[in-house]
Amino acid sequence: MCIRDSDMGLRPGFPAEVHGWRAAGMTRVYGRDDVFEYMNGAGELYLAYDFQRVFVQDYGRADGPRIVAEAYEMASSEDAWGVFTHDPEGEDVGVGQGNAYAVGLLRLWQGRWFFRILAESDTPAAKAAVVSLARVLAGPIPEGPRATLPDRLPPENLEPASVRYFHTQVSLNSLYYLADGNVLGLSPATEAVLGVYRPKGERITFLLVRYPDSRRAKEACREFDRVYLEREVAAEWPLRIEAIEGGRHVGALVKGEFLALVFDARSRAACEGLLREAGRRL
C-alpha cells in the first residue's frame with residue numbers, strides 16, 4: 001500500500017513480513033540530490049525519467065537469501081513505464097501494469113511507480129516472497145497511462161519487446177550509439193521511442209523523436225546530417241535515404257514536429273518502406 005507521510009507525501013507501505021522474510025532495519029529514502037550515494041552511476045537512468053525519490057527496504061530470513069525492495073517514485077506514469085521499457089524481458093508473474101521476472105529480479109510498473117525487487121538467490125521460496133511483496137506494494141496504487149508515442153510506430157515486423165521509450169541522450173546512449181555529443185538535441189522536453197524491425201531477415205533499428213515544434217525537428221535533422229553523415233544538405237527534404245559503409249542504408253523523415261530515423265537497413269526498399277509507413281502514421 002501507499003501511506004501518507006506528513007513530510008514526504010505518499011510513500012510505499014512496505015510490510016513487516018512476507019512469507020517468513022522480515023523487514024530488516026529502517027526504510028532508506030534517496031532523492032534527486034543524493035541518489036548516487038545509493039546506486040553510483042546507475043542513477044543517471046532514473047534521473048533521465050524525472051525521478052523523484054527511491055525507497056529501499058531490506059528483508060531477511062535465516063534460511064533464505066536477502067531480498068531488497070526498491071520503490072521508485074517518478075513524476076508521471078508515462079515515465080515510470082519508460083523506465084520499465086529499458087528491460088522488459090522476463091517471465092510475466094501477473095502483477096502490476098507490466099512486470100518481468102528473471103533470475104531472482106522482478107521489475108514492475110504500476111501508475112507512476114517503478115519497483116525493482118531482488119532476491120540474491122533465485123529459490124522457489126524467494127520467488128514466491130518477491131511476487132507476494134510486489135502485490136502488496138503495487139496493489140493499492142491506481143493504474144496510470146503509458147506514453148502514446150509508441151503507438152505511432154508501424155506495427156508490421158516490429159518486435160514488441162524491443163520498444164524503448166525515453167527522453168534524453170543518456171538513455172539513447174545506453175540503447176543505440178550515434179555519436180559523441182547530443183546530436184539530435186534530446187532533452188526532457190523531447191519524447192523518443194526506439195524499436196527493432198525484422199522484415200525478410202533484416203534487423204533494422206527505427207528511432208522516432210517528437211520535438212516541441214517543427215523548427216527543432218528540422219534543426220535536429222540538419223545536425224544529424226552534419227555529424228553522423230558528415231555532409232550538409234542544402235535543400236528542404238521530407239524523406240531521404242543515404243547509402244553508407246558496409247552496404248547499409250540510413251533514412252530520415254521530417255514531418256511536423258517529428259523526426260524519424262532508420263539505421264542498419266541492408267536494402268534501400270526496406271528503409272524507404274518503413275519511413276513511408278511511419279509518415280502515414282504521423
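Residues numbered from 1 in each chain as written. Predicted model: local features only at pLDDT ≥ 70, side-chain atom pairs only at ≥ 80, totals over all residues. Heavy atoms only, no water.

**Q** Describe in detail the sheet that holds strand 10 (residues 164–166), supporting the description with residues and values.
**A** Strand order in the open sheet formed by six strands is 10-11-12-15-14-13, with antiparallel pairing between adjacent strands. The open sheet is flanked by strand 10 and strand 13 (239–244), the only strands paired with a single partner. Across the sheet, the axes of successive neighbouring strands diverge by a mean angle of 15°, strand direction being ignored. In the sheet, strand 14 (residues 248–255) pairs with strand 15 (residues 258–265) via six bridges, with the strands oriented antiparallel. What sits directly across from His249, in strand 15, is Ala265. In the packing of helix 6 (residues 214–227) onto the sheet, contacts are made with strand 13, strand 14 and strand 15, and the angle to strand 15 comes to roughly 30°. Relative to the sheet, helix 7 (residues 268–281) contacts strand 11 (191–197), strand 12 (204–210), strand 13, strand 14 and strand 15, its axis offset from that of strand 14 by approximately 15°. (Pairing = 2+ DSSP bridges. Helix = DSSP H or I, 4+ residues; strand = E, 2+ residues; numbered from the N terminus. Axes fitted to C-alpha atoms, helices over the stretch in contact; angles between N-to-C directions. Contact = heavy atoms within 4.5 Å.)

**Q** Just give me the short version of the packing of aromatic side chains, but keep the residues and values in it.
**A** Applying the stated criterion across every chain, the model contains 13 aromatic pairs. For the pair Tyr30 and Tyr38, a centre-to-centre distance of 5.1 Å together with 20° between the ring planes defines the contact as stacked. When its relative accessible area of 14% is taken as the criterion, Tyr30 is described as buried. Ring geometry for Tyr197 against Phe206: centres 5.9 Å apart, planes inclined by 80°, an arrangement best described as edge-to-face. Classification of Tyr197 by relative accessible area gives buried; the value is 1%. Each member of the aromatic cluster is reached from another via a ring pair, and the members are Tyr46, Phe51, Tyr72 and Phe114. Its guanidinium or amino end placed over the ring of Trp81, Arg146 lies 5.3 Å from that ring's centre, counting from NZ or CZ. (Phe/Tyr/Trp six-rings, centres within 6.5 Å; stacked < 30°, edge-to-face > 60°. Buried < 20%, exposed > 50% of the residue type's maximum accessible area, 1.4 Å probe, protein only. Lys NZ or Arg CZ within 6 Å of the ring centre and 35° of its normal.)

**Q** For the pattern of salt bridges, give the residues involved together with the corresponding values.
**A** Summed over all chains, the structure comprises 21 salt bridges. Between Asp58 and Arg28 there is a salt bridge, with the nearest N and O atoms lying 3.1 Å from each other. Taken together, the positions of Asp58 in strand 5 (residues 51–61) and Arg28 in strand 4 (residues 21–31) put the pair 30 residues apart, joining distant regions of the chain. You can call Arg28 partly exposed: its relative accessible area is 28%. A salt bridge links Arg248 to Asp264, with the shortest nitrogen-to-oxygen separation between them at 3.0 Å. Pair noted here: Arg248 is in strand 14 and Asp264 is in strand 15, with a separation of 16 residues, a long-range link. Shared partners join several salt bridges into a network, and the residues in it are Arg28, Asp58, Arg66 and Glu120. (Salt bridge = Lys/Arg side-chain N within 4 Å of Asp/Glu carboxyl O.)

In short, geometric facts, not functional conclusions.
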